[in-house]
Amino acid sequence: VSSDAAHNLAAEQVENYLTWGEPTAEVARKVNDVRAGAAKHGRTVKFGIRLHVIVRETDAQAWAAAEELISHVDDETVARAQSVFARMDSEGQRRMAALHAGGVKRSRADLEISPNLWAGVGLVRGGAGTALVGDPETVAARITEYANLGLDHFVLSGYPHLEEAYRF
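In this report, we go over the structure that sits alongside the text.

Cut-off values and rules
- Residues numbered from 1 in each chain as written.
- Predicted model: local features only at pLDDT ≥ 70, side-chain atom pairs only at ≥ 80, totals over all residues.
- Heavy atoms only, no water.
- Helix = DSSP H or I, 4+ residues; strand = E, 2+ residues; numbered from the N terminus.
- Buried < 20%, exposed > 50% of the residue type's maximum accessible area, 1.4 Å probe, protein only.
- Contact = heavy atoms within 4.5 Å.
- Areas by Shrake-Rupley, 256 points an atom, 1.4 Å probe, with all protein chains shown as cover.
- Salt bridge = Lys/Arg side-chain N within 4 Å of Asp/Glu carboxyl O.
- Polar contact = N/O pair within 3.5 Å; in protein donor to acceptor, adjacent residues only side chain to side chain.
- Core = buried A, V, L, I, M, F, W, Y, C linked by side-chain atoms within 4.5 Å.

**Side note on the overall build of the chain**
Each helix and strand counted, the chain has eight helices and six strands in total. Traced from its N-terminal end to its C-terminal end, the chain shows the element sequence α-β-α-β-α-α-α-α-β-β-β-α-β-α. Considering the chain as a whole, with its 168 residues, one finds that 44% of them fall into the buried category. Sequence-distant contacts, at least 24 apart, represent 70% of the contacts inside the chain between residues at least 6 apart. Carbon and sulfur atoms make up 53% of the accessible area of the chain, which totals about 8600 Å².

**Topic: the pattern of salt bridges**
Tallied over the full model, the rule gives five salt bridges. The closest approach of N and O atoms between Glu22 and Lys30, which form a salt bridge, is 2.5 Å. Here the two residues Glu22 and Lys30 agree in accessibility, since each one is buried. Between Glu164 and Arg56 there is a salt bridge, with the nearest N and O atoms lying 2.9 Å from each other. You can see Glu164 sitting in helix α8 (residues 161–167) and its partner Arg56 sitting in the loop between β2 (46–55) and α3 (59–70), a full 108 residues away along the chain. According to the relative accessible area criterion, Glu164 is buried, its value standing at 1%. Among the residues examined, Arg56 registers a relative accessible area of 18% and is labelled buried. Because the salt bridges share partners, they merge into one network encompassing Arg56, Glu164 and Arg167.

**Regarding the environment of Ala165**
Along the chain, Ala165 falls in helix α8. When its relative accessible area of 53% is taken as the criterion, Ala165 is described as exposed.

**Focus: the side chain of Ser157**
Examined against the element boundaries, Ser157 turns out to sit in strand β6 (residues 151–157). Judged by its relative accessible area of 16%, Ser157 is buried. Within polar-contact distance, the side chain of Ser157 engages the side chain of Arg50 at 3.0 Å. Among residues more than four places away in sequence, those in contact with Ser157 are Arg50, Leu51, His52 and Val53.

**Here's the deal with the nonpolar core**
Ranked by internal contacts, the top residues of the largest apolar core, which has 19 residues, are Phe47, Leu132, Tyr146 and Leu151. Broken down by element, this core gets its largest block of residues, five residues, from β2. Every residue in contact with Leu132, bar those within four places of it in the chain, is listed here: Leu51, His52, Val53, Ile54, Asn116, Leu117, Val139, Arg142, Ile143 and Tyr146. Within the second largest apolar cluster, 13 residues are counted, among which are Ile54, Leu111, Trp118 and Val133.

**Some thoughts on unusual backbone geometry**
Trans peptide bonds make up most of the peptide bonds, and negative phi angles are found at most residues other than glycine. Of the consecutive residues Tyr159 and Pro160, the connecting peptide bond is found in the cis state with omega at -20 degrees. With respect to the helices and strands, the residue Pro160 is situated in the loop between β6 and α8.

The structure is reproduced here in structure tokens:
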């Protein structure tokens, strides 16, 4: 839900607006836009975010786990996935693909799009394709930054799902 039309619809009709993980400045822009639109209709909207998490005892271990997650994904697999994403008319998917230049960006330096926010998941997964990566304190600090923007709901997952849930 990233297009202007979606923001207008959300302002008029939704109770909860859920965004995919983007840098805090982008999330703040969305929240402010939808909040202002809702106010024009005498409404309020609650906000949430959908993120993956990769949490380990140290930042270095977390980043190693992130790299491991995509280490076996070859260029052909990324190209196939990106080709599918490019045919979608979703503004959110277009924005997600732009975070890693349609699969061209592959290094940590390229994919860490904001402190501890990694776009590597989106190389081959449609939809929410960013993860908070780091030690527990660092990931908690990033979550707090999003909460301070006015987000009330956090939909978090990881890979493998159950194991990451226990770590988190």
